[in-house]
Amino acid sequence: MRLQPSVVLRFYSLCGILIQVAATKSKVKGSQGQFPLTQNVTVIEGETATLTCRVDQNDNTSLQWSNPAQQTLYFDDKKALRDNRIELLRASWHELTIRVTDVSLSDEGQYTCSLFTMPVKTSKAFLTVLGVPETPQISGFTSPVMEGERMELTCKTSGSKPAADIRWFKNDKEVKDVKYLKEEDANRKTFTVSSTMHFRADRSDDGAVVSCRVDHESLNSTPQIAMQVLEIHYIPSVKIIPSTSWPVEGQSITLICESKGKPLPDPVLWTKDGGELPDPERMVVNGRELNINFLNKTDNGTYRCEAENTIGQNSAEYVLIIHDPNALAGQTGPDHALIGGIVAVVVFVTLCSIILLGRYLARHKGTYLTNEAKGAEDAPDADTAIINAEGSQVNAEEKKEYFI
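Labelled according to an unreviewed UniProt entry, the chain appears under the name Cell adhesion molecule 2 isoform X3, originating from Eublepharis macularius. The chain has a UniProt comment under Subcellular location (unreviewed entry) that states "Membrane".

Structure follows, in structure tokens:
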């Protein structure tokens, strides 16, 4: 059977169309698989940023990196921008990786990786540059500070991006009641932050360590800290401590004047009853101590210790009462009066108990018959009474008599 030429021509035309459609579908499918992949990058100012663009399927199509100003950095392995900070790390049909050293705040922005297919496909990577805060400084402190004065300390740091956080501590205990202020720097990229702490100076704050702590993500969990040691001046506080609570005649006693103040009050002044110590030979002052030897009744009185520094003066008093050694011995021996009182009470209670018990037993002893019959008391004489009593003994009503 012989085919017509027109039929053969139509057959070849149909095959060509099928082959062309298949080729087009294959090209579209391959083109869909070619898509650049990138990731956002965060870097600290002054450090190095690495930008990577990858393509899973690539049929020898070129890759290109461009900066936020749309300037080409690298086209495949060819450097396009003259910037010594930008280097090529890797270039292939599947990857284009570049490195930017000594990154500055101006490098921040959106970088573009382009795959030159038809049409061109792109992927964005945002480079975030963190501004490192400067070392904080504490201002407003003048040393020394007088007790009761109002203090205002300010901690400030500049150059942070984003704005840094400031926290206050006093002896490792955080202070919450503070004021926080954030201001944009002249470059309109970084911030200056400050925090102010107010408090009234107290003697308990003397020697305390006040610290200002700056936290920021660029510091890698190692905060920057500024510290200030407080020096508070205050008037002395005075207290007298005796060496014994029971001074005895003939013995000795030491009175210790405990004074605390800043500046330290030294020496202290001892007086008795508003005047000088009457017997310097027995009453010896040694620093803050007053030693009194061979105590006697003339030493009784009010002793005063005065302490003074450049801030002010304060004092304390102690009333000394000398006790008789015999009284002391009596107090240490048995209390005979107390023992005698206890014995008397015991004897009295015992006698009362015996009397009450006897009365109780007597009332419950019972009854007995007497020789007196009913009516015997009416007899004119004793003989008649006996005869009446003997005669009426039978069936006579018994007369009961109780012993009381």
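Resuming the write-up.
A. Just the overall build of the chain, in detail. When helices and strands are counted, the chain shows four helices and 27 strands. In the chain, buried positions account for 31% of the 404 residues. For the chain, the accessible surface area stands at approximately 26,300 Å², while carbon and sulfur atoms represent 54% of it.

B. Local environment of the pairing of strand β3 (residues 63-66). Burial of the side chains of β3 extends over both faces: Leu63 and Trp65 are buried on one face and Gln64 and Ser66 on the other. For β3 and strand β8 (residues 109-115), the ladder comprises four bridges, and the chain directions are antiparallel. Of the residues in β8, the one forming a bridge with Trp65 is Cys113. In the sheet, β3 pairs with strand β4 (residues 72-75) via three bridges, with the strands oriented antiparallel.

C. Here's a closer look at the packing of aromatic side chains. Tallied over the entire structure, the rule returns one aromatic pair. Sitting above the plane of the Phe199 ring, Lys170 keeps its charged end 4.3 Å from the centroid. Over the face of the ring belonging to Phe191 we find Lys182, whose NZ or CZ atom lies 5.4 Å from the ring centre.

D. Structural detail: the pattern of salt bridges. Under the defined criterion, the tally for this structure stands at 22 salt bridges. Between Arg85 and Asp83 there is a salt bridge, with the nearest N and O atoms lying 3.2 Å from each other. Residue Arg85 is classed as partly exposed on the basis of its relative accessible area of 22%. You can call Asp83 buried: its relative accessible area is 18%. Between Arg188 and Glu184 there is a salt bridge, with its nearest N and O atoms 3.8 Å apart. Each of Arg167, Glu174, Lys176, Arg213 and Asp215 takes part in salt bridges that share partners, so that together they form one network.

E. Molecular detail of the sheet that holds strand β12 (residues 150-160). With antiparallel pairing, the four strands of this open sheet are ordered in space as β10-β12-β16-β15. Looking at strand neighbours, the two that pair on one side only are β10 (137-139) and β15 (178-184), the edges of this open sheet. Ignoring strand direction, the axes of neighbouring strands in this sheet form an average angle of 20 degrees. Note: β15 against strand β16 (residues 191-200), seven bridges, orientation antiparallel. Bridge pairing in β16 links Lys182 to Val193.

F. Inspection of the sheet that holds strand β18 (residues 224-229) at higher detail. Taken together, the four strands give an open sheet; going across it, the order is β14-β13-β17-β18, and neighbouring strands pair in antiparallel fashion. Strand pairing shows two members of the sheet lacking a second neighbour, β14 (173-175) and β18, which therefore form its edges. For this sheet, the mean angle separating the axes of adjacent strands, direction not counted, is 30 degrees.

G. Seen up close, unusual backbone geometry. Cis geometry is found at the peptide bond from Met118 to Pro119, where omega equals 0 degrees. Note that Pro119 resides in the loop between β8 and β9 (121-130). Omega for the peptide link from Lys262 to Pro263 comes to 0 degrees, which places this bond in the cis form. Its identity is not glycine, yet Asp76 carries a phi of approximately 55 degrees, on the positive side. Its place among the elements puts Asp76 in the loop between β4 and β5 (78-79).

Here is what the cut-offs are and how they apply
Residues numbered from 1 in each chain as written. Predicted model: local features only at pLDDT ≥ 70, side-chain atom pairs only at ≥ 80, totals over all residues. Heavy atoms only, no water. UniProt positions renumbered as here; feature names shortened; annotations may be inferred. Helix = DSSP H or I, 4+ residues; strand = E, 2+ residues; numbered from the N terminus. Buried < 20%, exposed > 50% of the residue type's maximum accessible area, 1.4 Å probe, protein only. Areas by Shrake-Rupley, 256 points an atom, 1.4 Å probe, with all protein chains shown as cover. Pairing = 2+ DSSP bridges. Phe/Tyr/Trp six-rings, centres within 6.5 Å; stacked < 30°, edge-to-face > 60°. Lys NZ or Arg CZ within 6 Å of the ring centre and 35° of its normal. Salt bridge = Lys/Arg side-chain N within 4 Å of Asp/Glu carboxyl O. Axes fitted to C-alpha atoms, helices over the stretch in contact; angles between N-to-C directions.

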